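Coordinates in review
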Protein chains: 2
Amino acid sequence: MKINGTMLIGKEEVRGTEGTMRAFNPAIGAVLEGDFGVGTDAEVNRACLLAQQAFDSYRETDAATRARFLRSIARGISDLGDTLIVRASEETGLPKGRIEGERGRTVAQLELFASIVSDGRWIGATLDSALPDRKPQPRPDLRLRRIALGPVAVFAASNFPLAFSVAGGDTASALAAGCPVVVKAHSSHLGTSELVGRAIQKAIAECGLPEGVFSLLIGHGNTMGQALVSHPAIKAVGFTGSRRGGLSLMRTAANRPEPIPVYAEMSSVNPVFFFPSALDKKAEALAKGFIDSVTLGVGQFCTNPGIALGIEGDGFQQFSRFAAEELSTRSAATMLSPGIHSAYRSGLERLRQAKGVSNLAEVEPGQGSCLGTPALFAVTGKQLLAEPELAEEVFGPASVLISCENLEEMHAIAEQLSGQLTASLFIEEQDIEAARTLVPTLERKVGRIIFNQYPTGVEVSYAMVHGGPFPATSDSRTTSVGAGAIERFLRPVAYQNMPSALMPAALQDANPMKIWRLQDGQLERQ
Amino acid sequence: MKINGTMLIGKEEVRGTEGTMRAFNPAIGAVLEGDFGVGTDAEVNRACLLAQQAFDSYRETDAATRARFLRSIARGISDLGDTLIVRASEETGLPKGRIEGERGRTVAQLELFASIVSDGRWIGATLDSALPDRKPQPRPDLRLRRIALGPVAVFAASNFPLAFSVAGGDTASALAAGCPVVVKAHSSHLGTSELVGRAIQKAIAECGLPEGVFSLLIGHGNTMGQALVSHPAIKAVGFTGSRRGGLSLMRTAANRPEPIPVYAEMSSVNPVFFFPSALDKKAEALAKGFIDSVTLGVGQFCTNPGIALGIEGDGFQQFSRFAAEELSTRSAATMLSPGIHSAYRSGLERLRQAKGVSNLAEVEPGQGSCLGTPALFAVTGKQLLAEPELAEEVFGPASVLISCENLEEMHAIAEQLSGQLTASLFIEEQDIEAARTLVPTLERKVGRIIFNQYPTGVEVSYAMVHGGPFPATSDSRTTSVGAGAIERFLRPVAYQNMPSALMPAALQDANPMKIWRLQDGQLERQ
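Nothing here was measured: the structure is a model prediction, and the numbers come from that model. Numbering of residues starts from 1 in each chain and follows the order in which that chain's sequence is written. Note on labels: chains are lettered from A, ligands numbered from 1, in written order. Only residues with pLDDT of at least 70 get local features here, since the model is predicted, and only at 80 or more are side-chain atom pairs given and counted; chain-wide, interface and lining totals rely on the full set of residues. Side-chain figures throughout are based on the complete set of non-hydrogen atoms in the structure, without hydrogens or water.

Bringing the overall build of chain A into the picture now. Along its length, chain A carries 14 helices and 23 strands. For 526 residues, the compact-globule estimate of 2.2 N^0.38 gives 24 Å, and the C-alpha radius of gyration of chain A, at 25 Å, lies within 12% of that figure. The dimensions of chain A, computed from C-alpha atoms along their principal axes, are 75 × 65 × 40 Å. Each residue is placed in one exposure class: buried if its accessible area under a 1.4 Å probe, protein chains only, is under 20% of its type's maximum, exposed if it is over 50%, and partly exposed if it falls in between. Put simply, chain A has 526 residues, and 64% of those count as buried. Of all intrachain contacts in chain A linking residues separated by at least 6 positions in sequence, the fraction that spans at least 24 positions is 75%. Counting only carbon and sulfur atoms, one obtains 51% of the accessible surface of chain A, whose full area is about 18,300 Å². What counts as a helix is a DSSP run of H or I of at least four residues, what counts as a strand is a run of E of at least two, and both are numbered from the N terminus. To get the radius of gyration, use the C-alpha atoms; to get the globule rule, take the number of residues to the power 0.38 and multiply by 2.2 Å. For this analysis, residues touch if any pair of their heavy atoms sits within 4.5 Å. Accessible areas in this description were obtained via Shrake-Rupley with a 1.4 Å probe; residue shielding takes into account the shown protein chains only.

We now examine the packing of aromatic side chains. Note on aromatic pairs: each is described by the distance of the centres and the angle between the planes. Residue and element names in this part refer to chain B. Ring pairs shown here join Phe, Tyr and Trp side chains whose ring centres sit within 6.5 Å, with only the six-membered ring taken for Trp; geometry is labelled stacked below 30 degrees between planes, edge-to-face above 60, and tilted in between. Under the defined criterion, the tally for this structure stands at 25 aromatic pairs over all chains. For the ring pair Phe160 and Phe301, a centre distance of 5.7 Å and an interplane angle of 50° mean the geometry is tilted. Highlighted residues: Phe160 in the loop between strand 9 (152-155) and helix 5 (169-177) and Phe301 in the loop between helix 9 (276-295) and strand 15 (307-311), separated in sequence by 141 residues. Exposure class is identical for Phe160 and Phe301. Each is buried. Residues Phe426 and Tyr454 carry aromatic rings whose centres are separated by 4.5 Å and whose planes lie at 35° to one another, so their mutual orientation is tilted. One end of the pair, Phe426, is in strand 21 (residues 420-426); the other, Tyr454, is in the loop between strand 22 (446-451) and strand 23 (490-496), with 28 residues separating them in the sequence. Here Phe426 and Tyr454 have matching classes, each one buried.

Next up on the list: the sheet that holds strand 15 of chain B. What the 12 strands build is an open sheet, ordered 23(A)-22(A)-5(A)-6(A)-21(A)-22(B)-21(B)-14(B)-15(B)-20(B)-19(B)-17(B); its pairing is mixed. Each edge of the open sheet carries a strand with a single partner, namely strand 23 (522-524) of chain A together with strand 17 (358-362) of chain B. In this sheet, neighbouring strand axes are inclined to one another by 20° on average, regardless of whether the strands run parallel or antiparallel. Sheet analysis places strand 17 of chain B next to strand 19 (residues 375-380) of chain B, joined by four bridges and oriented antiparallel. If you follow Ser358 of chain B over to strand 19 of chain B, its bridge partner there is Ala378 of chain B. Each axis is a line fitted through C-alpha atoms, taken for helices only over the stretch in contact, and angles between the N-to-C directions span 0 to 180 degrees. Contacting strand 17, strand 19 and strand 20 (398-404) of chain B, helix 11 (residues 338-353) of chain B runs over the sheet at an angle of about 35° to strand 19 of chain B. Sitting on the sheet, helix 14 (residues 432-445) of chain B is in contact with strand 6 (142-148) and strand 21 (490-496) of chain A together with strand 14 (272-274), strand 21 and strand 22 of chain B, with an inclination near 150° to strand 22 of chain B. When DSSP finds two or more bridges between a pair of strands, those strands are recorded as paired.

Before going further, it helps to spend a moment on the confidence of the model for chain A. The pLDDT averaged across chain A works out to 97; a share of 100% of its residues lies at or above 70. Under the prediction, the complex receives an ipTM of 0.98, its pTM being 0.98. On a scale of 0 to 100, pLDDT captures the predictor's confidence in every residue.

Least squares is used to superpose the copies, and the fit set is the C-alpha atoms of residues whose pLDDT is at least 70 in both copies. When chain A is fitted to chain B, the best match, at an RMSD of 0.0 Å, comes from turning it 180° and sliding it 0.0 Å along the axis. Each copy turns onto its partner about a two-fold axis. Ranked by how close their C-alpha atoms come to the rotation axis, the residues of chain A are headed by Ala254 of chain A, at 3.6 Å. Both copies present the same face, since 100% of the interface residues in chain A are matched by interface residues at the equivalent positions in chain B.

Before going further, it helps to examine the sheet that holds strand 17 (residues 375-380) of chain A. Read across the open sheet, the 12 strands follow the order 15(A)-17(A)-18(A)-13(A)-12(A)-19(A)-20(A)-23(B)-8(B)-7(B)-24(B)-25(B); overall the sheet is mixed. A strand with exactly one partner marks an edge of an open sheet, and here the two such strands are strand 15 (358-362) of chain A together with strand 25 (522-524) of chain B. If you compare each strand with its neighbour and ignore which way they point, the axes differ by 20° on average. Taken together, the two bridges between strand 7 (residues 126-128) of chain B and strand 24 (residues 517-519) of chain B define a ladder with parallel strand orientation. What sits directly across from Leu127 of chain B, in strand 24 of chain B, is Gln519 of chain B. Strands strand 15, strand 17 and strand 18 (398-404) of chain A of the sheet are contacted by helix 11 (residues 338-353) of chain A, whose axis makes an angle of about 35° with strand 17 of chain A.

Time to look at the pairing of strand 8 (residues 142-148) of chain B. Along any regular strand the residues' side chains alternate between the sheet's two faces. All names here are of chain B. Of all seven residues making up strand 8, seven are buried, and the element is well covered by its neighbours. Strand direction decides the pairing type here: strand 7 and strand 8, joined by three bridges, are antiparallel. Bridge pairing in strand 8 places Leu127 opposite Arg143. As paired elements, strand 8 and strand 23 share seven bridges and run antiparallel to each other. Bridging across to strand 23, Leu144 finds its partner in Ala494.

As a further point, take the nonpolar core. Take the buried Ala, Val, Leu, Ile, Met, Phe, Trp, Tyr and Cys residues and link them wherever side-chain atoms come within 4.5 Å; each set so joined is a nonpolar core. Counting residues in hydrophobic clusters, the biggest one holds 297 residues, and the most contacted among them are Phe69, Phe273 and Leu425 of chain A together with Phe69, Phe273 and Leu425 of chain B. Apart from the residues within four sequence positions on either side, Leu425 of chain A is in contact with Phe273, Phe275, Ala435, Leu438, Leu442, Ile449, Ile450, Phe451 and Asn452 of chain A.

It is worth spelling out the packing of helix 3 (residues 81-92) of chain A against helix 6 (residues 190-206) of chain A at this point. All names here are of chain A. Two elements in contact, helix 3 and helix 6, have axes whose closest approach is 8 Å; the angle formed by their N-to-C orientations is 150°. With respect to each other, helix 3 and helix 6 are oriented roughly antiparallel. Two packed elements cross with a definite hand, and for helix 3 against helix 6 that hand is left-handed. Each of Thr83, Leu84, Arg87, Ala88 and Glu91 in helix 3 lies in contact with helix 6, whose residues at this interface are Leu190, Gly191, Thr192, Leu195 and Val196. Each residue receives one of three labels: charged for Asp, Glu, Lys and Arg, nonpolar for Ala, Val, Leu, Ile, Met, Phe, Trp, Tyr, Cys and Pro, and polar for the others, Gly being one of them. Its residues assigned to classes, the contact of helix 3 with helix 6 comprises five nonpolar, three polar and two charged. Angular relationships are summarised with four words: roughly parallel below 35 degrees, roughly antiparallel beyond 145, roughly perpendicular across 65 to 115, and oblique for the angles in between. Each crossing gets its hand from how the near helix is turned against the far one by less than a right angle, where anticlockwise is left-handed and clockwise is right-handed.

Right, here's the structure in full:
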């Protein structure tokens, strides 16, 4: 499949006229062949209006059709074969193996949502029987189902060119809910975006769906982002990226004449808590695992462990020494883009200059473009309590070790943390009671609490929460990974005394969809 | 029980020092005996900090304790007997019978949430088994439960002194979810608020719960409201009231360092659509029912039908005539407060002056204080399309009849409406196909679609949606009445490889709570 440098507006290819953009290969520090035309408000408007037109029809497609559509997208992505893998690898500097793994996850996500659509629990079908003889007033027949919110704007992430991009988790869950999707391609992987966008466009045609179910836009982040989120047809926003970007979209969405929800996954330092017995027992193995996690994917995961806490003593000292040694054996590697690389360098510089922060280990940059150098810093708990901004995210393969005077100080730091995606605890049997005192704080602070494992690696399953209190995300009530992601794009509608001739299938007496329903307060599936 | 004019901060009675407020009896136009001390930021702060301190302990109370607590509040409210009924009637001008009915609903709400807490579905327990042999990576054990968001600020409504006030739907659902609650009493029923607040305070003591689970504040709407919503301990807001008040809280909440969700139920005109065959068959009965709904509770319900649409012709003309005649037989009646009365009079004046609006019928005010005069206006669909603000809410016993040229125009008006709590359709068999074309639009516009009944009257049940797109509410994904209200105050937390010694009961292998859980994608309740 050829890359034409065009936007996909419904079933059309539209070439943007506001200048051009080019993709960039960070590994060789060179732009890639081919111009992408930049779109204007006119294309934003056209994509949104098409999505609006498609909405009523698309949201009422039956489960089989919608599941087939999601599987057809998955197949289309697989069918792109090496063309996709090569291009995504070129545009991101990520190794082909990683891209292949991510493609697997993207396909699995689409398939998970296909099965969720069929299962029908997402509808939340709820029936309260009429009580015509109730005194003083009869009770009417009441039935509730959840319907899609409306067209969704999706902002692709830089660090997951497939799994959180054009056909990633936000798109898959919004489409599963019955929402048309307008994606703004991430400027750092435009070719990848076009390839995947075409796979969706093709699946729409194959399944006979209205063209407005999907559009792909190319534009400058801020201008086009604001236009898209401001458009009256858009009813929700999915975003993965920087805190600044997320906050900007949140503001725009809140200030619309009709405010809309924004699901922004922003920044997290994913604290790792090492408890004394765990450190006593296996400081070296823990240190190695920790550095693996810090440097995985050149530290460019939302769940990268940016801080680690331990209690002063031999165990934590050993751990720190092993971690520094281990880090020194790692190599600098290509980061996703010059922008991310430069932000990482500034972040390192900020830590190097910070009062009370010592640099335990740092890898030499070596020769190459956009090379992220693993680095390890140390600071006391007291210092961190005085300067909480030392715990702010530095996106890349760096982490800060925090030595706490005692458990109380570790607890105080946890209490001072802002919202996070994850927290990890390394414990042995003897640490259980100490860990128990920390869990309630962590429950208030994070979306996922992990025991004896590092935070990198996010399962796409039913019990996953990839979310957390602000500023980890804009909405702690939700997850952007896993089955729960579909909940973000639904709202309930009640029907009172609706004639059976008008009743949606999910609510008909005979339960023709054979889905789980709450009947007079009891779960049933006839 | 005596009314002392004090705030309830945890287990203390605290007399406000920022001047005093007095309650007002709108029926006789006179202030009621007794001063209420007005609170300051210091009391807001103290109440919020107590709530924060209570949170971790309260949210982990077992279902039996929490259900007992909610039932104990219900009993306490019943035990207030006539003292409560008389005071609430005096403070609102609502007849004692209506207050008794509302007390019944308030008690039933608390009992519904007690049973919901015990049922445990609100926890959303979800378990994904570990797959240690999975390739290339083993899958960890993942379990998810939902926990309470944190302390909730509740703003009592003027029009439901019991059911949407101190122990009303917002408070009941937040307490059920495990959230401490800080209520700002509505200034128009301060004595009622204190009586009910004491019942909650007593229930807390009886059940041995931490005092910070509940506080009741007295203060000036805007100042204290902003202080409360701005407080870092507050994690969500429940509000029922004017659009201006709701928007102001939404803005404050969005601009906090940590933005928080606001559940504001604001304004709605609850359109009623009369279809041709229904009008042909029973114009007179429909008109009588319509005027009953418009004038019920002096029009002071969120679900009051502020506009009604029909298609020009004999049927709608007859209906309009009957409705005008029927309205003329009704009497003016006491509104809730001088402020609401004066806003209603301004609203009527606006309609009287509006171009193209004719006054079909209006009741004489007669002698008395705060008398709301039923009124009926008419306008063409064309006029309304040109001036959509004619469909804005006038809170009180007034409605506007809209004569549409044809079904398309009725459809266009529906499409132009802003978000509403409800829409009602009156149809006969022959109208079904015409109604079918309108339903998708209404699904996008409202929270509850009603057939052949008027919108006033809201069931407290499982399938109720008392919500709807903005500006009916601030968050269309929720309901403030019925079982679904608890969902507003929860967020998911995932636990990865958690040792069984630390596992919350809801997620333990043996399912000791015997609740419904999603085990590897399948609903089970062993």
